[in-house]
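Here are the chains, one letter per residue:
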Amino acid sequence: MKSTRILENRALAERIYLLTLQIDEDLMNKLSPGHFVKIKLPDQRLDPLFPRPYTIHSLIGGHLQVLYQIVGKGTRALSQLTAGTDLEILVPLGRPFPRDLGYPLALVAGGVGVAGFGFLLESLPQEKRKETILYYGASSKESLVRLDYWETFGVTLKLATEDGSAGYKGFVTDLLQSDLSERKFKSILACGPMPMLKRIKEIAANSTIKTYLSMESFMACGTGFCKGCVVPRKGGGYFHICEDGPTFLADDIIL
Amino acid sequence: MTWKIGSLQLKTPLILASGTWGLGDTILDYLSPEEIINSIGALITKGLSLEPMAGNPPPRLLETPCGLINSIGLENPGIEVFLKRYYPRLRDLEVPVIFNLHGTSVDEFLKLVRYLEEENIRGVELNISCPNVTEGGIAFSQSPEVVFQLVKGVREIFSGFLIVKLSPVGPVLEVALACKEAAADALTIANTYPAMGIVSYEPLKVIKGGLSGPAIKPLTLRLVSDIISKVTLPIIASGGVLSGKDVFEYLLVGASAVQVGTANLINPRSVIEIHEELKELLLRHGRLLDKGHP
Ligand SMILES: Cc1cc2nc3c(=O)[nH]c(=O)nc-3n(C[C@H](O)[C@H](O)[C@H](O)COP(=O)(O)OP(=O)(O)OC[C@H]3O[C@@H](n4cnc5c(N)ncnc54)[C@H](O)[C@@H]3O)c2cc1C
Ligand SMILES: Cc1cc2nc3c(=O)[nH]c(=O)nc-3n(C[C@H](O)[C@H](O)[C@H](O)COP(=O)(O)O)c2cc1C
Ligand code: FES
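Reading guide: rules and limits
Residues numbered from 1 in each chain as written. Chains lettered and ligands numbered in written order. Predicted model: local features only at pLDDT ≥ 70, side-chain atom pairs only at ≥ 80, totals over all residues. Heavy atoms only, no water. Patch = residues over 30% accessible without salt bridge, like charges linked within 9 Å, V, L, I, M, F, W, Y side chains within 5 Å. Areas by Shrake-Rupley, 256 points an atom, 1.4 Å probe, with all protein chains shown as cover. Salt bridge = Lys/Arg side-chain N within 4 Å of Asp/Glu carboxyl O. Helix = DSSP H or I, 4+ residues; strand = E, 2+ residues; numbered from the N terminus. Axes fitted to C-alpha atoms, helices over the stretch in contact; angles between N-to-C directions. Parallel < 35°, antiparallel > 145°, perpendicular 65-115°, else oblique. Left-handed = near helix turned anticlockwise from the far one by under 90°. Contact = heavy atoms within 4.5 Å. Nonpolar A, V, L, I, M, F, W, Y, C, P; charged D, E, K, R; others polar. Buried area = accessible area lost by both parts, 1.4 Å probe. Polar contact = N/O pair within 3.5 Å; in protein donor to acceptor, adjacent residues only side chain to side chain. Buried < 20%, exposed > 50% of the residue type's maximum accessible area, 1.4 Å probe, protein only. Pairing = 2+ DSSP bridges. Core = buried A, V, L, I, M, F, W, Y, C linked by side-chain atoms within 4.5 Å. Domains from an automatic or database assignment.

**Student:** Looking at this structure, I do not really get a nonpolar patch on the surface. What am I missing?
**Tutor:** Residues Met196, Ile198, Tyr201, Leu204 and Val206 of chain B make up a contiguous nonpolar surface patch of about 550 Å² in total accessible area. One can find Ile198 of chain B in strand 11 (residues 193–200).

Next up, the structure:
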């Protein structure tokens, strides 16, 4: 694990935070979009016992940013830390997003599942960004975060909220599906809650679009040591989300 | 300083516990060979079976206060693949490698041990205590008589260092005495505690598995101390070690060596930090270890 310092830990919405960490250039050069980081809370606390995994959200300005949502005790404790606090992190973990994404590309995000697409878009050349559509869904307008930031990339941004307070009223997957007839996507890359990923897998099964899903599960190690973070593999056996993923070809896994 | 578990000499009393550092193929991503040689006395492999095992369906993990319930189900590539693909790199590290074995019957254990004899492997830890498989595993630990037959059978064909890893539940003392009688070289006390957790209410998802981590340390410390006072075999402690202090306390009650398990999951470099802390404690209090056991 490496030492790092919190530069900022800012609330963007009621339960969504943007954490900015100082990292050195050496480490920065090792990071690719799709990698994740394990963050250890700073004191000797035993509960929660395991550092939590977070996707790398952004590397702009030479800082490592994490976009996270409070869902339990670990994320709540993280949200209470202030600038200047020293933390330990383990990074890079997992495999980067696949390199063979085709364009036009659909990025599909549910809630803070959008996090990893920041670093991805930061790394894409302008012409590929123009061929990318970001479908971003959340429960309500307040939970759609960093819209200014997403707009800087020049991607087409398509929003959906369950309560209809912004963009399309309903699920982001419905929005995607209704677009599929007119837009000829070569790839889909999706990250979000399990029901969303299941739906995308169904939608993609009837098409030739190369579809990737970024998976989550509780992780004890994040390093392949415990063999606990499994997703069933088509054809038998299991993948380990932390070492074989977290991003998988939808066809390769059983949800 | 050298450390001894019976006839086995170790450079440090710290051992990486079975199943908590994967198959070993990525250990060098986190620790250098020098760090491994200087901090780790021995390495114990993931539980290995005759045939590959896919392991249990998810959920396999649940965090509990200060602990972890796991139900991995001994996912492993089988002894043959392990020997071919994973072992050579571990052997090159020049730290004793002990093979943790899982059989569903005495016969399967004997077959596994024959493989190892052929490969000239010098250390075995018989896992008769895994709570996460339907056959074998912890079922052995219910019957001192079966354990006696098993250990005796293995002893007859295996000339290397023979450790038996006990469950912390069941007739632990009787099983320990049976291992002694059957001429085991040492005991590991203990595996995880059978436990259960509710992962979600709707839909109802539960996990039944083994509890590890700091939550179990006081329990296993007590067990180690009790067994040491009644069984004259070297004891390797395993349960809830996160710090040099935890290791020192196990040594203080008479353990010959101590395994580091769940700590490796929290931080793959835990063992290095634990070793540094232990060195300091040994300087300050090391003399206490020669005075018999509380
Ligand atoms: C690769 C990866 C990348 C991630 N990236 C991000 C990110 O960028 N931003 C972000 O906000 N989050 C991200 N997450 C999710 C994040 O790690 C979790 O939200 C966090 O670990 C929750 O910790 P907690 O202590 O706050 O919640 P906990 O107290 O651990 O509980 C969270 C919820 O999970 C449930 N739960 C616990 N164990 C299990 C189990 N075995 N099966 C099913 N449910 C279980 C609990 O009941 C609870 O409802 C990522 C996860 C992974 C694996
Ligand atoms: C994820 C995980 C996998 C394990 N796999 C094995 C195994 O294959 N064989 C075995 O004998 N013990 C296994 N164990 C038990 C550990 O080796 C150790 O004895 C136990 O976890 C208690 O020590 P700890 O609290 O330091 O982890 C496993 C434990 C965990 C947490
Ligand atoms: S979290 Fe341990 S193997 Fe993936």
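**Student:** I'm lost on the packing of helix 2 (residues 79–91) of chain B against helix 3 (residues 106–118) of chain B in this one. Help?
**Tutor:** Geometry of a packed helix pair, given as the angle between the helix axes and the separation of the axes. Residues and elements named next belong to chain B. The contact between helix 2 and helix 3 brings their axes to 11 Å, and the two run at 25°. With respect to each other, helix 2 and helix 3 are oriented roughly parallel. Note that helix 2 runs across helix 3; the crossing there is right-handed. The residues of helix 3 that touch helix 2, namely those facing Ile79, Glu80 and Leu83, are Leu112, Tyr115 and Leu116.

**Student:** Help me understand the packing of helix 7 (residues 244–252) of chain B against helix 9 (residues 270–285) of chain B, please; the structure alone is not making it clear to me.
**Tutor:** Residue and element names in this part refer to chain B. With their axes 7 Å apart at the nearest point, helix 7 and helix 9 run at an angle of 50° to one another. Here helix 7 lies oblique to helix 9, going by the angle between them. The crossing of helix 7 and helix 9 is right-handed. Contacts between helix 7 and helix 9 pair Gly244, Lys245, Val247, Phe248 and Leu251 from the former with Ile274, Glu277, Leu278, Leu281, Leu282 and His285 from the latter. Considering only residue class, the contact of helix 7 with helix 9 consists of seven nonpolar, two polar and two charged.

**Student:** What should I look at first to understand the interface of chain B and chain A in this one?
**Tutor:** Many authors give the size of an interface as the accessible area that is lost as the parts come together. Chain B puts 30 residues into the contact, and the matching count from chain A is 27 residues. Between chain B and chain A the total buried area reaches about 2,400 Å² when both faces are included, carbon and sulfur atoms providing 67% of it. Interface area lost by chain B to chain A is led by Glu63, Leu265 and Ile266 of chain B, which between them contribute 26%. Where chain B packs against chain A, one counts one salt bridge. We note a salt bridge from Arg52 of chain A to Glu63 of chain B, for which the minimum N-O separation is 2.6 Å. In this assembly, chain B and chain A are joined by seven residue pairs in polar contact (both at pLDDT 80 or more). Of all the secondary structure elements, the ones that give two or more residues to the side of chain B that touches chain A are strand 5 (61–64), strand 6 (67–70) and helix 8 (262–266) of chain B.

**Student:** What should I look at first to understand the environment of Leu252 of chain B in this one?
**Tutor:** Residues and elements named next belong to chain B. Checked against the element boundaries, Leu252 lands in helix 7. Its relative accessible area of 25% is what places Leu252 among the partly exposed residues. Distance in space between the C-alpha atoms of Leu252 and Lys11 is 18 Å, their sequence separation being 241 residues.

**Student:** Teacher, can you tell me more about the sheet that holds strand 3 (residues 14–16) of chain B here?
**Tutor:** The strands making up a sheet are joined through hydrogen bonds of the backbone, oriented either antiparallel or parallel. Residues and elements named next belong to chain B. Spatial ordering of the closed barrel is given by 3-4-7-8-9-10-13-14, a layout of eight strands whose pairing is parallel. Each strand of the sheet is rotated relative to its neighbour by a mean of 25°, with strand direction disregarded. As paired strands, strand 7 (residues 97–101) and strand 8 (residues 123–127) are joined by three bridges and run parallel to one another. Along strand 8, the bridge assignment pairs Phe99 with Val124.

**Student:** Teacher, can you tell me more about the nonpolar core here?
**Tutor:** Side chains of a nonpolar character, in soluble globular proteins, are inclined to be buried together. Counting 140 residues, the largest nonpolar core has Phe99, Leu101, Leu126 and Leu166 of chain B as its most contacted members. Looking at which domains feed residues into this core, each of domain 1 (2–93) and domain 2 (105–216) of chain A supplies at least three. Look past the residues within four positions of Phe99 of chain B in its chain and what remains in contact with it is Thr45, Leu48, Ile79, Phe82, Leu83, Tyr87, Leu116, Ile121, Gly123, Val124 and Glu125 of chain B. Leu105, Leu120, Tyr136 and Phe153 of chain A belong to the second-largest nonpolar core, a separate cluster that totals 30 residues.

**Student:** Where do I start with the sheet that holds strand 12 (residues 205–212) of chain B in this structure?
**Tutor:** Residues and elements named next belong to chain B. The strand order across the open sheet formed by four strands is 5-6-12-11, and the pairing between neighbours is antiparallel. Whereas interior strands pair on both sides, the edge strands pair on one side only; in this sheet they are strand 5 and strand 11. Strand-to-strand twist across the sheet, computed as the mean angle between neighbouring axes with direction ignored, equals 40°. As judged from the four bridges shared by strand 5 and strand 6, these two strands associate in the antiparallel manner. When the sheet's bridge partners are listed, Glu63 is paired in strand 6 with Leu68.

**Student:** How do you make sense of unusual backbone geometry when you look at a structure like this?
**Tutor:** In this structure, Pro92 of chain A follows Val91 of chain A across a cis peptide bond, with omega equal to -5°. Tracing the backbone through its elements, the reader meets Pro92 of chain A in strand 6 (residues 86–93). Of note, the amide linkage connecting Pro58 of chain B to Pro59 of chain B takes the cis form, showing an omega dihedral of 0°. Counting through the fold element by element, Pro59 of chain B comes out in the loop between strand 4 (42–44) and strand 5. Notably, Arg146 of chain A is not glycine yet its phi reads approximately 60°, a positive angle. Within the secondary structure layout, Arg146 of chain A lies in the loop between strand 8 (132–138) and helix 5 (147–151).

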